[in-house]
Amino acid sequence: MLRNGVKKLTLQTSSAAIGFTSLLSAPDFLHYSRDHCTVYKVLEACRLSSDYKAASAIHTRIFKLGYGTYPSLVASLVLTYLQCDRLLLARKLLDQVFRLDFNVLIVNLVIEHLMGLGEYGFAKKCFHKTPVRDVITWNLMIGGYVRNSRFEEALSFFREMLDSNVEPDKFTFASVMTGCARLGAINHALWVHRLMTEKEIELNPILSSALIDMYSKCGRIQTAKEVFNGADHSDVSVWNAMINGLAAHGLPFDAIAVFSKMEVENIFPDSITFIGILTACGHSGLVDVGRKYFNLMSSHYSIEPQMEHYGVMVDLFGRAGLLEEAYAVIEAMPVEPDVVIWRALLSACRIYQKPKLGEVAIANMSRLKSGDYVLLSNMYCSMKRWESAEGVRELMKKKGIRKIRGRSWIELGGVIHRFKAGDRSHSETEGLYKVLDGLIQQTKLEGFLPQTDLVLMDISEEEKEGNLNHHSEKLALAYGILKTSPGREIMISKNLRICHDCHNWIKLVSKLLIRVIIVRDRIRFHRFEGGSCSCEDYW
C-alpha cells in the first residue's frame, strides 16, 4: 500500500527523490492523501532529501486538498523551502498563509513546530506577522528561545511582552527563570523573582524547582536553600533541584543531608535524584560514598541505572584517577555506552596521561566533536608527543573541525559583557587591560609563576605566558574589578572548564584584593576567598 511506501521513504531518505515522481503521479495519491499525516510524512522526506521539485508539487496538492491551514504541513513546507535554499518561496508561503485569515491558534502551532526544529529565526518572522498574540504565543517564543539556548533574546521577548500589556503566567516565569539560570544573571534573576511576587503568581512544584535552580546557577546557593525551606516538599522535583544545586556548588554532604531528609519525609527518590547525589560525590572525590549510592539505587529503591548514571560513575572514577575501574564500569554496562561516557573516560585519560586508553575511547566514539580531538591533542602535548598532537590537529583541519573557543561573561548593572581569549573588542578594552596588567604584576611580585606547561603548543615560554595572561576569565575578572567598588563580590560564568593557571591566579587575586570571586565554569562553581577555593583544588 501507499502508506507503507511512504513510511519506507521517510526511513530511507537517500532514495526518496527516486520514488517521488511515481508517488505523486499515482492515482491512489489523492485517495490516501485525505489523511494529512501521510502528506506530512512525504513532505518531511522531501525536506530531508532537499527535493525541491517534489515539495513544490506537494505544495499545490496541500492547498487543493484544503490542508492550507494545517500548521504542521505549513511549517514543514516552509522548512523544506529553506532546506532547498528557496528563501523567497518560504517567505511568500508565510504571507499567503496569513492572507488566509490565520487565527492565533494556528499561528501558535506553527511557531511551536518551528521552535521544535530549531528554526527560531523563522518563528520570529511568523510571530511578527501575526496581528493577534495571546499569552501562549509569547510563551512559545520565550520558551522556544530558551530551549534553543538564546537566553538573552528570550529575556528581550519577556520585556517586550510586559510592554505589550499581556500578563505573563506560570509558564512564562518558568521559562524566563530557566533563561536567567543558564546565563547566571543574578540581577535579572532578582528582577524576575520580584516581578513574580508582585504579580502574585502562586508557586507550584515547577516554579519552586525553577527558582531553586535559578538561584543555584546564579551563585546564590544560600538563597536557593531559603526558597527550598519555604517550598512545598511534596514533589520530588523540588528535592532534585536542591540536590543538583548543592552538587554544582561542591557541597556533597549538604546534598546527602537533603537526601536523608527526603527519606524522613517519605519522598521516594527517582533517577534524577541519584544523578544529583552521584555528581556531588564525583565533584568532591567521594568514591566510596558514590559507589554506595550507586548500589543503593537498585538494591534498595529498585531504580535500574540508566546511561546517565553509568556516565557519572565513569566520571567519578576517572576524576579520582581510577581509570581501570572507570573502564570496568563501561565494560560491565548492560547497554552500549554512548559518546558522553567515552568522552568522560577520554577526559580522565588526558588528566592522568593514559594515551593508550584514551585512544580506545576515541576509537569507540562514533560522533567526535571538536572538544574530543582537542582532548586527545592536549594529552599528546602534555607528554611532549608533538608529532602525534600535530597529526590530530591536521585531521581536524582536514575535516573542517574548529576548536570551541573559551568564552566568559559577567553581568553588571543588568548588562551582560562577553569576552573571549585575547579579546580587544570591548568598548573599555584599554581600561580593563590596564587593570589586568597591574594584577599580573602584583601576583608575580607575590611569587606567582604562570603554568606555561599548560599551554599545549610547541612555542616559546614568553609566547606561552602571553597566551595564559589573556584567557577570557581573566579579562572578565579585570573588567569586574574595573567597574565595581572594592570589596564587592564578583561572579563570572564560563562556557568551558577553568584552567589550572587561571584557577591558581584567581585564588591569589582574591587574597590580594580581599574579594570573593565566584566562577561558574562548565562543570561547577568555584568560590575564591582569602586565597583558597571552595573546590579544594578538586574539580
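Everything numeric in this text was worked out from a predicted model, so none of it was measured. (Residues numbered from 1 in each chain as written. Predicted model: local features only at pLDDT ≥ 70, side-chain atom pairs only at ≥ 80, totals over all residues. Heavy atoms only, no water.)

The next thing to look at is the state of the cysteines. Throughout the structure, instances matching the rule amount to zero disulfides. Of the cysteine sulfurs around Cys180, a residue in no disulfide, the closest is that of Cys218, at 6.4 Å. Sulfur of Cys533: no disulfide; nearest cysteine sulfur belongs to Cys535 and is 3.5 Å away. The class of Cys533 is buried, set by a relative accessible area of 8%. (Disulfide = S-S within 2.5 Å. Buried < 20%, exposed > 50% of the residue type's maximum accessible area, 1.4 Å probe, protein only.)

Below, the discussion takes up unusual backbone geometry. In this model, Glu200 sits at a positive phi of 55°, which is unusual for a non-glycine residue. Considering the arrangement of structural elements, one finds Glu200 in the loop between α13 (186-198) and α14 (205-217). The exposure class assigned to Glu200 is exposed, which follows from its relative accessible area of 71%. One non-glycine residue with positive phi stands out, namely Ile514, at about 50°. For Ile514, a relative accessible area of 70% translates into the label exposed. (Helix = DSSP H or I, 4+ residues; strand = E, 2+ residues; numbered from the N terminus.)

With that settled, the discussion passes to the UniProt feature "repeat: PPR" (unreviewed entry) in the protein. Within this numbering scheme, the UniProt entry marks residues 134-168, 169-203 and 235-269 as carrying the feature "repeat: PPR" (unreviewed entry). Annotated as 77% helix and 0% strand, the span residues 169-203 places its first and last C-alpha atoms 11 Å apart. With 74% helix and 0% strand, residues 235-269 has its two end C-alpha atoms placed 10 Å apart. (UniProt positions renumbered as here; feature names shortened; annotations may be inferred.)

Another point: the side chain of Asp521. Relative to the helices and strands, Asp521 is located in the loop between β4 (517-520) and β5 (525-529). For the buried Asp521, no salt bridge is present, and the opposite-charge side chain at shortest range is Arg497, 5.2 Å distant. Within polar-contact distance, the side chain of Asp521 engages the backbone nitrogen of Ile498 at 3.2 Å. A polar side-chain atom of Asp521 sits 2.7 Å from the main-chain amide nitrogen of Arg524. (Lys, Arg positive; Asp, Glu negative; His and termini not counted. Salt bridge = Lys/Arg side-chain N within 4 Å of Asp/Glu carboxyl O. Polar contact = N/O pair within 3.5 Å; in protein donor to acceptor, adjacent residues only side chain to side chain.)

With mixed pairing, the six strands of this open sheet are ordered in space as β2-β1-β3-β4-β5-β6. In this open sheet, the two strands that pair with only one neighbour each are β2 (415-420) and β6 (532-533). Summarising the sheet, β4 and β5 pair through four bridges and their orientation is antiparallel. If you follow Arg520 over to β5, its bridge partner there is Phe525. (Pairing = 2+ DSSP bridges.)

Burial along β4 is two-sided: Ile517 and Val519 facing one way and Ile518 and Arg520 facing the other are all buried. In this sheet, β4 lies alongside strand β3 (residues 490-494) in parallel orientation, the contact comprising four bridges. Pairing of Ile492 across the sheet is with Val519, part of β4. In this region the chain leaves β3, passes through helix α29 (residues 500-512) and returns to the parallel neighbour β4; the handedness of that crossover is right-handed. The hairpin formed by β4 and β5 contains four residues between the paired strands. (Right-handed = clockwise from strand over helix to strand, strands pointing away.)

Further remarks concern the side chain of Ser493. Mapping Ser493 onto the fold places it in strand β3. The exposure class of Ser493 is buried, given its relative accessible area of 3%. Ignoring anything within four residues of it in the chain, the contact list for Ser493 reads Leu183, Gly184, Arg407, Ser408, Trp409 and Arg520. (Contact = heavy atoms within 4.5 Å.)

All right, on to the environment of Ser76 then. With respect to the helices and strands, Ser76 occurs in helix α6 (residues 71-83). Between the alpha carbons of Ser76 and Tyr40 there is a distance of 7.5 Å; along the sequence they are 36 residues apart. The contacts of Ser76, once residues within four sequence positions are left out, are Tyr40, Leu43, Glu44, Arg47 and His113.

Moving on to the pairing of β3. Counting buried positions along β3 yields five of five residues, so the element is predominantly enclosed. The side-chain alternation of β3 yields two buried faces, one formed by Ile490, Ile492 and Lys494 and the other by Met491 and Ser493. Of the pairings in the sheet, the one linking strand β1 (residues 407-412) to β3 comprises two bridges and is antiparallel in character. Bridging from a neighbouring strand, Trp409 pairs with Ser493 of β3.

Let's shift gears to the environment of Lys507. Considering the arrangement of structural elements, one finds Lys507 in helix α29. By relative accessible area, which is 14% here, Lys507 ends up buried. The sequence separation of Lys507 and Gly531 amounts to 24 residues, and the corresponding C-alpha distance is 4.5 Å. Excluding residues that lie within four positions of it along the chain, Lys507 makes contacts with Phe528, Gly531, Ser532, Cys533 and Asp537.

The next thing to look at is the packing of aromatic side chains. Inspection of every chain in the model, using the stated rule, returns 17 aromatic pairs. Geometrically, the ring pair formed by Phe259 and Phe274 is edge-to-face, given 5.6 Å between the ring centres and 65° between the ring planes. On the criterion of sequence distance, the pair formed by Phe259 in helix α17 (residues 252-264) and Phe274 in helix α18 (residues 271-284) is long-range, its members being 15 residues apart. In this structure Phe259 comes out as buried when scored by relative accessible area, which is 2%. (Phe/Tyr/Trp six-rings, centres within 6.5 Å; stacked < 30°, edge-to-face > 60°.)

What follows concerns the pattern of salt bridges. By the definition in use, this model includes 14 salt bridges. Salt-bridge contacts for Glu167 lead to Lys199; the nearest nitrogen and oxygen are separated by 3.3 Å. With Glu167 in the loop between α11 (151-163) and α12 (170-183) and Lys199 in the loop between α13 and α14, the pair connects residues that are 32 residues apart, well separated along the chain. The network of salt bridges with common partners includes Asp288, Arg291 and Glu325.

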